[in-house]
Amino acid sequence: MRADVLNSILSELNGSTADIEASAVLSTDGLMMASLLPASMDEDRVGAMSAAMLSLGDRTARELARGELEQVLVKGQRGYVLMVHAGNDAVVTVLLKANARLGLIFLDVKRAADSIHKII
């Protein structure tokens, strides 16, 4: 039941712009809760990498006195990976195209993360 609601939120998020290629909801320790990932992408690998990046981001923000971590953004030649906390226990990971309009996407992902936080 909860997985269906999470998948519905992810589906709505992915449909909000063509710039979003995939998305997932993970626990902060990397366990997949729901995902709309390509079949070629390993969910366990996405979860492990997201957990590692969040842990490093949390520590970096804290150690450099930047406050509580809100998001992690990784830019590669073929696009972006955006991770946003959905409360203390979950994170939304989104894969974006290289030419994505980040401002609107940040807003859409934050709204999705808020909705997910209320469910979890």
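Attention here is on the structure that accompanies the text. (Residues numbered from 1 in each chain as written. Predicted model: local features only at pLDDT ≥ 70, side-chain atom pairs only at ≥ 80, totals over all residues. Heavy atoms only, no water.)

### Some thoughts on the sheet that holds strand 4 (residues 79-85)
Basically, it comes down to this: In this scheme, strands are said to pair when DSSP sees at least two bridges between them. The secondary structure listing takes helices from DSSP runs of H or I that are at least 4 residues long and strands from runs of E that are at least 2 residues long, numbered from the N terminus. For helices, the fitted line uses only the C-alpha atoms of the stretch in contact; every axis is such a line through C-alpha atoms, and the angle between N-to-C directions lies from 0 to 180 degrees. Whether two residues are in contact is decided by their heavy atoms: any pair within 4.5 Å suffices.
Pairing in this open sheet of five strands is antiparallel, and the strands run 2-1-5-4-3 from one edge to the other. Sheet topology places strand 2 (32-36) and strand 3 (71-76) at the edges, where each strand pairs with a single neighbour. Looking at each pair of strands side by side, their axes are set apart by 10° on average, direction ignored. Where strand 3 meets strand 4, six bridges bridge the pair, whose relative direction is antiparallel. Within strand 4, the position partnered with Val 72 by the bridge is Met 83. Relative to the sheet, helix 2 (residues 43-63) contacts strand 1 (20-27), strand 2, strand 3, strand 4 and strand 5 (90-96), its axis offset from that of strand 4 by approximately 65°. Contacts from helix 3 (residues 102-119) reach strand 1, strand 3, strand 4 and strand 5, with the element oriented near 35° to strand 4.

### Describing the layout of surface pockets
Selection rule: Grid points spaced at 1 Å and placed over the protein atoms alone form the basis of the search, with a cavity being a set where a 1.4 Å probe fits but cannot get out and a pocket an open set showing protein on both sides within 12 Å along at least five of seven lines. Lining residues have an atom within 4 Å of a point. Grid points are joined across faces, edges and corners, and a volume is the space filled by probe spheres set on the points. Ten residue types, Ala, Val, Leu, Ile, Met, Phe, Trp, Tyr, Cys and Pro, are classed as nonpolar, four, Asp, Glu, Lys and Arg, as charged, and the remainder, Gly among them, as polar.
Its boundaries defined by the atoms lining it, the largest pocket holds a volume of some 270 Å³. Forming the boundary of the largest pocket are 14 residues, of which Glu 68, Leu 69, His 85, Gly 87 and Asn 88 lie nearest the centre. Among the elements of the structure, helix 2 and strand 4 are those that each provide at least two residues to the lining of the largest pocket. Residue contributions to the lining of the largest pocket peak at four residues, all from helix 2. Residues belonging to the lining of the largest pocket are distributed by class as follows: five nonpolar, five polar and four charged. Estimated volume of the second largest pocket: approximately 230 Å³. Every residue lining the second largest pocket is listed: Met 41, Val 46, Met 49, Ser 50, Met 53, Val 74, Val 81, Met 83, Thr 93 and Leu 95. For the lining of the second largest pocket, the elements supplying multiple residues, two or more each, are helix 2, strand 4 and strand 5. The element best represented in the lining of the second largest pocket is helix 2, accounting for four residues. Among the residues forming the lining of the second largest pocket, the class breakdown is eight nonpolar, two polar and no charged.

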